[in-house]
Amino acid sequence: MTTFLSGGTGTPKLLAGAESVFDPADTTVVANTGDDVELGGLLVCPDVDTVLFEQGDLLDRELWWGIEGDTTETHDELHELAAAAGLDGGPRYLPDEAQTAGRDIARWRRFSGVAEFMELGDRDRAVHVTRTSLLDEGHSLTEVTRLLADAFDVPVDVVPMSDDPVASVVHTPEGDDEYEDEMHFQEFWVAHRGDPEVDHVEFRGGEDAEPTRAALGAIEEGPVVVGPSNPVTSIGPMLAIDELHDALEEATVVAVSPFVEDEVFSGPAADLMEGVGFDPSTAGVAEAYPFADAFVLDDRDDTDLDRPVVKTDTEMSDDEDAERVARAVADALEVI
């Protein structure tokens, strides 16, 4: 069996071409849930859904978010109604007392649905309604994720890192009057496009969260592949759970760098890494992943690491590119 740790778009892009290299029947994907939010009463699990939609051939590959060809009539109507009623747009956090009240899905990630700040497609919204309703019926997030995977004919086993709530919270420097001093990662990235300066990132709830049995078992069985996802907010929430971190220390792990030396392929990884004290580079990724036994780097990356390295062109624009990187991962696993 092979286990992939997935968050953001890096690992899903890798998975898109991995089928011919890693047998889907023997593949488990442990998905980050630190980016999850409750929006208008619906639990949205972006990193879980990106894997489900990609593996189910539904993903919008232009955005690497949502369902291809989806409509947004409900989302558009929410904005029109808010404007007509004179209501300010989002992000609109629910009151502090509501952040930990009710069903245990909080940890400071609950937003009002008024003029929702994240665009949800209509088919996409049906997924969130179904997920939230099944949770309310008493199912665990692991059970719900597997039910949805079956519905989408997903060939790999997709499991959340934890059934407990963990929230990635970005803190800005003290004295920055432009932004609040703390915000959920989705506000940082979706609402503010990664503009706020990062002082540090907190994985709220990580110290209390238990890993799912499926996630922990998959990492312990290994080997483990850490795709080119954001080391801070895609993989960091998993590392904040002690049992998962300890399991990775014992596992055979290959990591794919999301950088070419100090140039990141996409997303806010560089700013976030610098904010939490890591050099925004491949060298910084290696420091963040002391448990990694080997790395896959881009051909143009001359970073000198203290662990085995396999090189290839790591830019992934299509499935053929992804297959090439997956074969490099397999080669790295052979090296160690």
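Everything below is about the structure printed above this text.
All values reported here derive from a predicted model rather than from experimental measurement.

## A short note on the overall build of the protein chain
Here's step 1: Within the protein chain, the secondary structure is distributed over twelve helices and 15 strands.
Here's step 2: Whereas a compact globule of 336 residues would reach a radius of gyration of roughly 20 Å, the protein chain reaches 19 Å, a difference of no more than 12%.
Here's step 3: Seen through its principal axes, the protein chain has C-alpha atoms that stretch 60 × 50 × 35 Å.
Here's step 4: Relative to its 336 residues, the protein chain shows a buried fraction of 56%.
Here's step 5: Positive and negative side-chain charges in the protein chain, numbering 19 and 79 respectively, have mean positions lying 4 Å apart.

## Section: helix α3 (residues 73-85)
Here's step 1: Between the first and last C-alpha of α3 there are 18 Å, a value that for 13 residues agrees with the 18 Å anticipated at 1.5 Å per step.
Here's step 2: Directly beyond the C-terminal end of α3, a positive phi value near 75° is found at G86.

## Here we look at the sheet that holds strand β8 (residues 182-184)
Here's step 1: Taken in spatial order, the three strands of this open sheet run β8-β7-β9, and their pairing is antiparallel. Both outer strands of the open sheet, β8 and β9 (200-204), are each paired with one neighbouring strand and no more. Looking at each pair of strands side by side, their axes are set apart by 30° on average, direction ignored.
Here's step 2: With three bridges joining them, strand β7 (residues 167-171) and β8 adopt antiparallel strand pairing.

## Description of the packing of aromatic side chains
Here's step 1: Counted under the stated rule, the structure contains six aromatic pairs.
Here's step 2: Centroid distance Y289 to F291: 5.4 Å. Interplanar angle 35°. Geometry classified as tilted. Each member of the pair, Y289 as well as F291, is classed as buried.

## A word on the environment of V169
Here's step 1: Mapped onto the secondary structure, V169 falls in strand β7.
Here's step 2: Among the residues examined, V169 registers a relative accessible area of 0% and is labelled buried.
Here's step 3: C-alpha of V169 to C-alpha of E187: the two residues are 18 residues apart in sequence and 9.3 Å apart in space.
Here's step 4: If we ignore the near neighbours within four places in the chain, the residues touching V169 are W108, E182, M183, H184, H200, V201, E202 and R204.

So, how was this worked out
- Residues numbered from 1 in each chain as written.
- Predicted model: local features only at pLDDT ≥ 70, side-chain atom pairs only at ≥ 80, totals over all residues.
- Heavy atoms only, no water.
- Helix = DSSP H or I, 4+ residues; strand = E, 2+ residues; numbered from the N terminus.
- Rg over C-alpha atoms; globule rule 2.2 N^0.38 Å.
- Buried < 20%, exposed > 50% of the residue type's maximum accessible area, 1.4 Å probe, protein only.
- Lys, Arg positive; Asp, Glu negative; His and termini not counted.
- Charge placed at Lys NZ, Arg CZ, Asp CG, Glu CD.
- Expected span 1.5 Å × (residues − 1).
- Pairing = 2+ DSSP bridges.
- Axes fitted to C-alpha atoms, helices over the stretch in contact; angles between N-to-C directions.
- Phe/Tyr/Trp six-rings, centres within 6.5 Å; stacked < 30°, edge-to-face > 60°.
- Contact = heavy atoms within 4.5 Å.

Function cannot be inferred from these measures alone, as they are strictly geometric.
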